[in-house]
Amino acid sequence: MSGMDIASWVLLAGGAIFCVIGGVGVIRMPDFYTRTHAASIPDTMGAGMILLGLMLQGGGWIVTVKLGFVLFLLLLTSPTAGHALIKAAHASGLAWQGEHDTHHTPLENPPVGGDDATDPG
Amino acid sequence: MFGAAMAGLLITMFLALVRAWRGPTVFDRILAVNMFGTQTVLVIAVAGFMSGRPEWLDLAIVYGLVNFIGTIAVLKFAKFGNLAEDGRRTVR
């Protein structure tokens, strides 16, 4: 097992681990905007490590160039799609978690040093 | 080693499907489908190496392009309810 194979194995396993971390984050994050953060992990770190690991397999220069194309395409399109998605969600009025929090009334938990000091209501 | 990477990718695809099924808003579902598409590109690439035919990378490139265009199209449809008009015009 040469050093190239070991590096390729490490990159493939690391990329798979980052993908699973992103998937678990998409399930467990409480909010849409935080879920987009978790969903960006497989698109960048997972895809980058897995495609670099496949490049180190040595399948010939054309395979390496195609893998580079796939990586370039993912790095170009996934932030664009994520930006459009978050902008559309923000424009449609989707709230952050805690922005319209109904678990407490403002009288029970007054904001410390908030800007509603001039507002008696 | 390809099996471990493939297992991780398939687990991630399953978790994205769970979020697409459970997602409270339409944006959660679009996010999950976009993530599923990215994982599909990686699965096609790894499966090509696993079966000894790296020519499948062409399919991965095409699927990446289709995934991006599909995400933008579904977003525009979810926002305007119409794919024909541009965004600056008011929706009648």
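Refer to the structure presented above.
Below is a short write-up of the structure. Bear in mind that the values here come from a model prediction, so they are computed numbers and not experimental data. Residue positions are counted from 1 within each chain, in the order its sequence is given. All chains are assigned letters beginning at A, and all ligands numbers beginning at 1, according to the order in which they are written. Note on the predicted model: pLDDT of at least 70 is required for a residue's local features to be given, and 80 or more for side-chain atom pairs to be given and counted; whole-chain, interface and lining totals, by contrast, use all residues.

As a further point, take the overall build of chain B. Secondary structure elements follow DSSP: runs of H or I no shorter than four residues count as helices, runs of E no shorter than two count as strands, and numbering proceeds from the N terminus. When helices and strands are counted, chain B shows three helices and zero strands. Seen in sequence order, chain B has helices and strands lined up from the N terminus as α-α-α. Restricting the calculation to C-alpha atoms gives the radius of gyration, and the globule rule supplies 2.2 Å times the number of residues raised to the power 0.38. Against the compact-globule benchmark of 12 Å for 92 residues, chain B has a radius of gyration of 16 Å, which places it well outside the compact range. Along the longest, intermediate and shortest principal axes, the C-alpha atoms of chain B span 55 × 30 × 10 Å. Considering chain B as a whole, with its 92 residues, one finds that 38% of them fall into the buried category. Contact between residues is assigned whenever the C-beta positions, reconstructed from backbone atoms, fall within 7 Å. The contacts of chain B with a sequence gap of at least 6 include a subset with a gap of at least 24, amounting to 41%. With C-beta atoms placed from the backbone, the exposure class of a residue follows from how many other C-beta atoms lie within 10 Å of its own: 20 or more, buried; 12 or fewer, exposed; in between, partly exposed.

On to the interface of chain B and chain A, then. Between chain B and chain A, the residue contacts involve 37 residues of the former and 41 residues of the latter. If you list the elements that add at least two residues to the side of chain B that touches chain A, you get helix 1 (2-22), helix 2 (26-50) and helix 3 (57-80) of chain B. Among the elements that line the side of chain B that touches chain A, the one with the most residues is helix 2 of chain B, at 14 residues. Residue classes follow a fixed rule: Ala, Val, Leu, Ile, Met, Phe, Trp, Tyr, Cys and Pro count as nonpolar, while Asp, Glu, Lys and Arg count as charged, and any other residue, Gly among them, counts as polar. Here the residues of the side of chain B that touches chain A are counted per class, giving 26 nonpolar, eight polar and three charged.

A set of buried residues drawn from Ala, Val, Leu, Ile, Met, Phe, Trp, Tyr and Cys, joined through C-beta atoms within 7 Å, is what defines a nonpolar core. Within the largest apolar cluster, 44 residues are counted, with the highest numbers of intra-cluster contacts made by Ile50 and Val70 of chain A together with Leu9, Val41, Leu42, Ala45 and Val46 of chain B. Mapped by element, the contributors of at least two residues to this core are helix 1 (3-28), helix 2 (32-55) and helix 3 (61-91) of chain A together with helix 1, helix 2 and helix 3 of chain B. Residues within four places of valine 41 of chain B in sequence aside, it is in contact with Val70 and Leu74 of chain A together with Ala60, Tyr63, Gly64 and Asn67 of chain B.

What follows deals with the packing of helix 3 of chain A against helix 3 of chain B. Every angle, taken between N-to-C directions, lies between 0 and 180 degrees, and every axis is a line fitted to C-alpha atoms, over only the stretch in contact when it is a helix. Between helix 3 of chain A and helix 3 of chain B, the least distance of the axes is 9 Å, while the angle of their chain directions is 10°. Here helix 3 of chain B runs roughly parallel to helix 3 of chain A, going by the angle between their axes. Contacts between helix 3 of chain A and helix 3 of chain B involve Val63, Lys66, Leu67, Phe69, Val70, Leu73, Leu74, Thr77, Ala81, Ala84, Leu85 and Ala88 of chain A on the former and, on the latter, Leu57, Ala60, Ile61, Gly64, Leu65, Phe68, Thr71, Ile72, Leu75 and Lys79 of chain B. Class assignment of the residues belonging to the contact of helix 3 of chain A with helix 3 of chain B gives a composition of 17 nonpolar, three polar and two charged. Roughly parallel means an angle under 35 degrees; roughly antiparallel, over 145; roughly perpendicular, 65 to 115; everything else is oblique.

Let's shift gears to the environment of histidine 37 of chain A. Inspection of the secondary structure puts histidine 37 of chain A in helix 2. Here histidine 37 of chain A falls in the partly exposed class, since 15 other C-beta atoms lie within 10 Å of it.

Quick look at helix 1 of chain A now. The terminal C-alpha atoms of helix 1 of chain A, which comprises 26 residues, lie 37 Å apart, in line with the 38 Å expected from a rise of 1.5 Å per residue. Here helix 1 of chain A has its buried residues at Ser8, Leu11, Leu12, Gly15, Ala16, Phe18, Cys19, Val20, Gly22, Gly23 and Val26 of chain A. How far a helix is expected to stretch is found by multiplying one less than its residue total by 1.5 Å.

Our next topic: the environment of alanine 60 of chain B. Its place among the elements puts alanine 60 of chain B in helix 3. When the C-alpha atoms of alanine 60 of chain B and threonine 40 of chain B are compared, they prove to be 7.9 Å apart, with 20 residues separating the residues in sequence. Those residues in contact with alanine 60 of chain B that sit more than four places away from it in its chain are Val70 of chain A together with Val41, Ile44 and Ala45 of chain B.

Attention now moves to helix 3 of chain B. The end-to-end C-alpha separation of helix 3 of chain B is 35 Å, in line with the 34 Å expected for 24 residues at 1.5 Å each. Elements that come into contact with the buried residues of helix 3 of chain B comprise helix 3 of chain A together with helix 2 of chain B. Two residues or fewer after helix 3 of chain B comes glycine 81 of chain B, characterised by a positive phi angle close to 70°.

A few words now on the environment of aspartate 43 of chain A. For aspartate 43 of chain A, the position within the fold is in helix 2. Excluding residues that lie within four positions of it along the chain, aspartate 43 of chain A makes contacts with Leu74 and Ser78 of chain A together with Thr38 of chain B.

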